[in-house]
Amino acid sequence: MNRKRSGLGTSALFLGILTEADKYSCYSFSISIELQILQSLFNDKNKSLTEASKLVEKIENGLAEIENTPENQSRIRTKKRLHRRQKQKLKSLIDKNNPNSKEQTRSTTAVYEPFISQKNYYANYMQLDDVIKGLESGELFEGYIRISQKCTNEAYVPSPDKSKDILLNSIKARNRALDGDKVAVRILDKSEWRNPDTEDCQRTGEVVYILDRKENRVVVGTLLVDRGVLHRYSTLVPRDCRIPRLLIDTSIWPFPIHLRDGTKESKELFYALLPSWENFKLPKGILKGVLGESGEINTETEGILIAHDIQERPYPEDIDQYFPPQFSVEDELKYRKDFRKHCIFSIDPPTARDLDDALSCVPLPNGNFEIGIHISDVSYFVKQGTPLDEIAERLATSVYLTQKVYHMLPPALTMMASLLPGTDKLAVSITLEMTPDANVISHSFSQSIIHSCAQLHYAHAQIFLENPNKKDWDESEFPTVYNGYTINDCATAVSHLHKLAAVMRERRFSSGALAINQPKLSFEIDRATCEPLSYSLYILHESNWLIEEFMLLANTMVAEHLKTHFPTTAMLRNHHRPDAVPMEKAVKLLKAHGIDIDFTSAGSIHKSKAAYCKGENSENPHWDIIISNILSKPMVRAEYCVIDPNKSMSHFALNVPYYTHFTSPIRRYPDIVVHRMLISWLTGKPIKEYEDPKVINKIAINSNDKKNNAKKASEASAEIYAACLIGKLGGLVVDASVMEVKENYFEATVLSMNMNVRVYVNISPQNPDLLHKGCTLSTIDNKPTLTIYWDYKGEDRQTLQLFDKVKLKLSKRESCLKLRAILIRDE
C-alpha cells in the first residue's frame, strides 16, 4: 500500500487502516502530524484557509468516531480534554492567520500561551486592609504553611487555638502558597470539613492572602519539552515534589536541549527562578542555567546546593584581611583564665575538623570533681560588623553533605579557631564543681586559654569505657598526647566523666526528658570520584552520650544566665509540643497494635516508648526503629528565637524552661551571638546592637531558615548516594519493616539503612514491573491491612500490617538518582 500522502489526508489514512483497538494509540500522533501540516499551510500564503478548516472538522469527526468505540471508552475519558485543547489550538491558529479574524489583533504571545485558558484558576486574594481587619476580628488567622511530601494536594497550617492543625485539602485551597509561606487563612464551613461530627474531625481552610513569601525561589528539575510547532513553552518538573511544575519559555533559551532517547525529558538537570505566581493554574518560571547530566553525583549535588540556597564559595579571596592578628598569650592572660596545664582533650568523629569543644576533669581533695567545658572563642576571630561577620551571619550554619562540608567560616579561620591539640587556643569556659552523684555545687564563666593534650575519637573513648581497669595502653594505637600527659591520664579522665554523665543522663530522663535516637546512614566514599563504595549505620555509643550530656548541661546553664541578664534580648532555642493531629494518629495506630503511648508530656512519651524499645536486648529489634520513626514524624523542629517574657520559652524534648546553643560557634552563628552576650556581661561592655530584640529576632529567623535548608540538603545528599550505590550494585534485595499501609502503596523502613521508601502495589501502567497480581486494603481488628495476591486466583496471598517484615528489591531509577522499591515474595 502506498503510504506516501500529502496535504490533509494523513489522519484519514491512519484512522482508516488501523483496527478499532489501535486507533486510540495513534490518534495523538496523528494530531501532531496534522499540526505540522497545518503550519506548513500557513507558511505558504497561497494555500486556502478552507483546507485548514476542513482539517479541524476532520479531527473533530475522528475524535467522535473513536469516542463511540466501546472498547476504547475508558481510555478516551482520560485523554478527552487533551484532544479538545488540540482542536482549540488549531482553530486559534486559523483565526490568527485569517486577516478577517478578530484574533489577528491579539498579540502573538497570546496564541502561544498554554495557560491562557487557565487564567483566574484560583480565588483572588483579599485586599490587605480587609485581611488586617479579619486577623484582628478573628475571622482569619495567620500561620506558616507545610505541604505534605506524601500527598502534595494536602497542606497544613497550625491552628490558632493550638488544637488540631487546619487542613488545606486541595491545591486551590492553598491558593498559590508554597511550603514555608506565611499565609492568612479562613476556616471553611463545617459542611466542608473532613469527617465532621466524628473523633477524626479535621477542620479545613483556604488561603486568602500570602503575608510573607520567599521571592525568586530557585527550582531544580528536568525539562519536559514539547517539540510541536505551537508550543514554545516547556515544563520544568521539580526535584522537590512540593513545588508545582513550572512553565518555561524555552524558545529564548540559547542552547540546545538534549532529550533522553524516546522521551520528551531532558538529559540535563536545569534550574529556574520562580519570581511570582500570577493567577494561572501553573506558575511561570525563568530558566537560568544547566547543571549537567541528570543522575550524576556531582550534578545532583549541585542541584541540592542551588535548591537549598547553599553557596559553595561564599567568601571572597581577600577575606583574610578581616582575620585578627595572632594573639599574644601575655596580653590575653591579663583577662583570661589559664587552663593550659590541665588535662584537656576533645572527643569527636575521626573526620571532624571544626573542633568546637573540649573537656577536662580534675579530682578534688574533697572527693568532688572540677569539670571544665571549654568552647572555642570564635567571637575573638569574627569581629562584629566586619564583612566576615556579615557573611557568617547570612550563612548561619555549616552544611554537612555526604562527601563534603561547606563551612560557615572560611577554612583557614576554622582551623585557627579549632581547639587542635598541642597549641595554645582561646576559649570560653564553664568551670563546675560536681559531686560524685553529678550535683553541681558551683559554677563560673570565664574567657580562657587552653592547651588541648589530645584529639580523641569516639572510638578511642569507647575503648576506654569498655576497659575501665586497663592501665598498660599501647600509645602507638592512639593519637599523640601533648603537654606531658599520657593516654592513661586521658583514659582516667574519660572514666570519671562517663560516670558523671551516666548519672546525669538517668536523672534527665527520670525528670521528664525525651530522646528519639535514630541510627544515621553513612557512606565510605571514593575521594577521587566522590562516588560511594559502601554504606553502614552509624550507631551512637556511650562515648557519644558522654559528650552530649556535658554539652546539654552547658547550653542549659548559659540559657539560664542569659535569661537573667538579658531578659528582653537573650537568644534562645525553643521547642514546642508535637503537632496534635499527627501525634494522635500515630498513637492511635500504635495502640491498635498493642503499644500504648502516653503523649501528655515529653517524659511520658519517653517512658512509654522505653517499655517497648529494648535496644540490643529486644526480641524484635526492628520494632525499635519503627516506633521511633513513627513517633518522630509528629515532632516539630526546634527553633531559634528572642526571649519573650510573655510566652513560654521551654524546650519540650529536653523538658527545661530555657535552652540555647553555646557549644558549637565554629559551625553555628547563633552560638557566636550567645558568646558575645556572655562576654559582654563578663567584661561589662554592652553591645548596643544586641539591645534591640528586633535585631536578635532577625538573626533567629535567618538561622532557622538556613538550618532547615542544611538539614534538608543533608538528607537529600544521603538519598542520592544510596541510589547511586544501589545503582552500581545493579540493585539490592533488603529486609524492611512496614511502617504505614495505604490503598495503593505502603511505607517501609529498610532496616540495614534506616531509610524510608515508598512501595507501590497498585497494578497500573505506571507500575509495569510489579511481581504480584493484585491487592486490596481493609481493616482487620482496627489495623489497616494490605492483602497482596501473588496469583490470579487469590489463593497465594500475603497480608501486610505495621511492623511486618518484607523483602524488597531496590533499584535506581533510570534517569535520576532516586530509588525504586518493589515488593518480592519472601519464601
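What counts, and at which threshold
- Residues numbered from 1 in each chain as written.
- Predicted model: local features only at pLDDT ≥ 70, side-chain atom pairs only at ≥ 80, totals over all residues.
- Heavy atoms only, no water.
- UniProt positions renumbered as here; feature names shortened; annotations may be inferred.
- 1 Å grid on protein atoms, 1.4 Å probe; cavity = no way out; pocket = protein on both sides within 12 Å on 5 of 7 lines; lining within 4 Å.
- Points joined across faces, edges and corners; volume = space filled by probe spheres on them.
- Nonpolar A, V, L, I, M, F, W, Y, C, P; charged D, E, K, R; others polar.
- Pairing = 2+ DSSP bridges.
- Helix = DSSP H or I, 4+ residues; strand = E, 2+ residues; numbered from the N terminus.
- Axes fitted to C-alpha atoms, helices over the stretch in contact; angles between N-to-C directions.
- Buried < 20%, exposed > 50% of the residue type's maximum accessible area, 1.4 Å probe, protein only.
- Contact = heavy atoms within 4.5 Å.
- Parallel < 35°, antiparallel > 145°, perpendicular 65-115°, else oblique.

- For the protein, the name recorded in an unreviewed UniProt entry is DIS3-like exonuclease 2 isoform X1, with Aphis craccivora as its organism.
- Per UniProt, the comment on the protein under Sequence similarities (unreviewed entry) is "Belongs to the RNR ribonuclease family."

## Considering empty space enclosed by the protein
Thought 1: Summed over the entire model, instances satisfying the criterion amount to 1 cavity of 30 Å³ or more.
Thought 2: Its boundaries defined by the atoms lining it, the largest cavity holds a volume of some 50 Å³.
Thought 3: Taken together, Leu-178, Asp-181, Arg-213, Lys-214, Arg-217, Leu-274, Pro-275, Ser-276 and Trp-277 form the lining of the largest cavity.
Thought 4: Among the residues forming the lining of the largest cavity, the class breakdown is 4 nonpolar, 1 polar and 4 charged.

## Here's the deal with the sheet that holds strand 25 (residues 732-741)
The strands making up a sheet associate through backbone hydrogen bonding, with each pair oriented either parallel or antiparallel.
Thought 1: The strand order across the open sheet built from 5 strands is 27-26-25-31-32, with neighbouring strands paired in antiparallel fashion. At either end of the open sheet lies a strand with only one pairing partner, and these are strand 27 (755-760) and strand 32 (819-824). Looking at each pair of strands side by side, their axes are set apart by 45° on average, direction ignored.
Thought 2: Here 6 bridges tie strand 26 (residues 745-750) to strand 27, and the two strands are oriented antiparallel to one another. Looking across to strand 27, one finds that Glu-747 is bridged to Arg-758.

## Focus: unusual backbone geometry
Thought 1: A positive phi angle, near 75°, is found at Arg-176, a position not held by glycine.
Thought 2: For Arg-176, a relative accessible area of 5% puts it in the buried group.
Thought 3: The phi dihedral of Asp-309 falls on the positive side, at around 55°, and the residue is not glycine.
Thought 4: One can find Asp-309 in the loop between helix 8 (297-307) and helix 9 (329-332).

## Regarding the pairing of strand 22 (residues 532-538)
Thought 1: Pairing geometry for strand 21 (residues 520-525) and strand 22, over 6 bridges, is antiparallel. Opposite Lys-520, over in strand 22, you have Tyr-538 as the bridge partner.

## Examining the sheet that holds strand 5 (residues 182-187)
Thought 1: Read across the sheet, 3 strands follow the order 1-5-6 without closing on themselves; strand pairing throughout is antiparallel. If you trace the sheet from one side to the other, it starts and ends with strand 1 (140-144) and strand 6 (205-212), each paired once. Within this sheet the neighbouring strands show an average axis-to-axis angle of 35°, counted without direction.
Thought 2: In this structure, strand 1 lies alongside strand 5, joined through 5 bridges in antiparallel fashion. Residue pairing in the sheet places Tyr-144 in a bridge with Lys-182 of strand 5.
Thought 3: Set on the sheet, helix 6 (residues 128-137) makes contact with strand 1, strand 5 and strand 6; between it and strand 1 the angle comes to about 95°.

## Considerations on the packing of helix 19 (residues 669-683) against helix 20 (residues 693-728)
Thought 1: At a minimum axis separation of 10 Å, helix 19 and helix 20 run at an interaxial angle of 155°. Taken together, the axis directions place helix 19 and helix 20 in an arrangement best described as roughly antiparallel. Along the contact surface, helix 19 presents Tyr-669, Pro-670, Val-673 and Met-677, while helix 20 presents Ile-696, Ile-699 and Ser-703.
Thought 2: Looking at side-chain class alone, the contact of helix 19 with helix 20 contains 6 nonpolar, 1 polar and no charged residues.

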